[in-house]
Amino acid sequence: MAESVVLDPVDLQLLRVLQNDARTTYRDLAARVGVAPSTCLDRVTRLRRSGVILGHRLELDPAKLGRGLEALLSVQVRPHRRELVGPFVERIRALPESRTVFHLTGPDDYLVHVAVSDMTDLQRLVLDEFTSRREVARVETRLIFQQWECGPLLPPTPSAQTQ
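From a predicted model like this one, the values you see are computed outputs, not experimental measurements.

**Description of the overall build of the protein chain**
Right, on to step 1. The helix and strand inventory of the protein chain stands at six helices and four strands.
Right, on to step 2. Ordering the α and β elements of the protein chain from the N terminus gives α-α-α-β-α-β-β-α-β-α.
Right, on to step 3. Taken over the C-alpha trace, the protein chain has a radius of gyration of 20 Å; the compact-globule value for 163 residues is 15 Å, which it surpasses by more than 25%.
Right, on to step 4. Principal axes of the C-alpha set define a box for the protein chain whose edges measure 55 × 40 × 30 Å.
Right, on to step 5. Per-residue burial for the protein chain yields a buried fraction of 31% across its 163 residues.

**Some details on the pattern of salt bridges**
Right, on to step 1. Scanning the entire structure with this criterion turns up 14 salt bridges.
Right, on to step 2. For the salt bridge of Arg43 with Asp8, the shortest nitrogen-to-oxygen distance reads 2.9 Å. Of this pair, Arg43 sits in helix H3 (residues 37-49) while Asp8 sits in the segment before helix H1 (9-20), and the two are 35 residues apart along the sequence.
Right, on to step 3. Under the relative-accessibility criterion, Asp8 is labelled partly exposed at 27%.
Right, on to step 4. The partner of Arg124 in a salt bridge is Glu97, with the nearest N and O atoms 2.6 Å apart.

**Some points on a nonpolar patch on the surface**
Right, on to step 1. On the surface, Leu58, Leu60 and Leu65 cluster together into a nonpolar patch covering about 360 Å² of accessible area.
Right, on to step 2. Mapped onto the fold, Leu60 is located in the loop between H3 and strand E1 (69-77).

**Description of unusual backbone geometry**
Right, on to step 1. Looking along the chain, the bond that leaves Arg78 and enters Pro79 is cis, with omega of -10 degrees.
Right, on to step 2. The topology assignment puts Pro79 in the loop between E1 and helix H4 (82-94).

**A word on the packing of H1 against helix H2 (residues 26-33)**
When two helices pack together, their arrangement is given by the angle between the helix axes and by the axis-to-axis distance.
Right, on to step 1. With their axes 10 Å apart at the nearest point, H1 and H2 run at an angle of 130 degrees to one another. With respect to their mutual orientation, H1 and H2 come out oblique. Considering only the axes of H1 and H2, their crossing is right-handed. Each of Val10, Gln13, Leu14, Val17 and Leu18 in H1 lies in contact with H2, whose residues at this interface are Leu29, Arg32 and Val33.
Right, on to step 2. Partitioned by chemical class, the residues of the contact of H1 with H2 number six nonpolar, one polar and one charged.

**Some thoughts on the sheet that holds strand E2 (residues 98-103)**
Right, on to step 1. With antiparallel pairing, the four strands of this open sheet are ordered in space as E2-E3-E1-E4. Both outer strands of the open sheet, E2 and strand E4 (136-144), are each paired with one neighbouring strand and no more. Ignoring strand direction, the axes of neighbouring strands in this sheet form an average angle of 20 degrees.
Right, on to step 2. Two strands pair when backbone bridges link them, and E2 and strand E3 (residues 110-116) are joined in this way by five bridges, in the antiparallel orientation. Within E3, the position partnered with Ser98 by the bridge is Val114.
Right, on to step 3. Sheet strands in contact with H4 are E1, E2, E3 and E4, and its direction is about 20 degrees off that of E3.

**Considerations on the pairing of E1**
Right, on to step 1. Of all nine residues in E1, eight are buried, a share of seventy percent or more.
Right, on to step 2. Note that E1 and E3 share seven bridges and pair antiparallel. The partner of Ser74 across the bridge, within E3, is Leu111.
Right, on to step 3. Relative to E4, E1 runs antiparallel, the two sharing eight bridges. Across the sheet, residue Leu73 finds its bridge partner in E4, namely Thr141.

Parameters at a glance
- Residues numbered from 1 in each chain as written.
- Predicted model: local features only at pLDDT ≥ 70, side-chain atom pairs only at ≥ 80, totals over all residues.
- Heavy atoms only, no water.
- Helix = DSSP H or I, 4+ residues; strand = E, 2+ residues; numbered from the N terminus.
- Rg over C-alpha atoms; globule rule 2.2 N^0.38 Å.
- Buried < 20%, exposed > 50% of the residue type's maximum accessible area, 1.4 Å probe, protein only.
- Salt bridge = Lys/Arg side-chain N within 4 Å of Asp/Glu carboxyl O.
- Patch = residues over 30% accessible without salt bridge, like charges linked within 9 Å, V, L, I, M, F, W, Y side chains within 5 Å.
- Areas by Shrake-Rupley, 256 points an atom, 1.4 Å probe, with all protein chains shown as cover.
- Axes fitted to C-alpha atoms, helices over the stretch in contact; angles between N-to-C directions.
- Parallel < 35°, antiparallel > 145°, perpendicular 65-115°, else oblique.
- Left-handed = near helix turned anticlockwise from the far one by under 90°.
- Contact = heavy atoms within 4.5 Å.
- Nonpolar A, V, L, I, M, F, W, Y, C, P; charged D, E, K, R; others polar.
- Pairing = 2+ DSSP bridges.

Here it is in structure tokens:
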């Protein structure tokens, strides 16, 4: 497990602003946080080097790309052995419909977030790419009606750690 990085209040403000808009210029970011632009650049560079900031993403609307139906597929793999799950995960990650793959504890081994064009496309995906694989014991499908992004990810506050 990766070690956490010590962040001061300025680092936390930088992360909060950048998570809400990663395109914020260093000048605007520095002004919002109350530091010099050069200090802002140094701190963001340090946050990147330390692995706190992993990258920048472009968010797309799946419906406008012809993938208006999203679902979560709970997948059970049997037997759950490395030589089977490695190729399974790589295959699922390579599918254009796959958005996110989670490896889980509990009765299901994987949760796969997919985006497809319609119910027929979802049925094709489940039958041709999941249940047709011999290592897949079970797939359970849940449609996503709506989703919301949550606030910025910041370290726990000291009071939350003691509760």
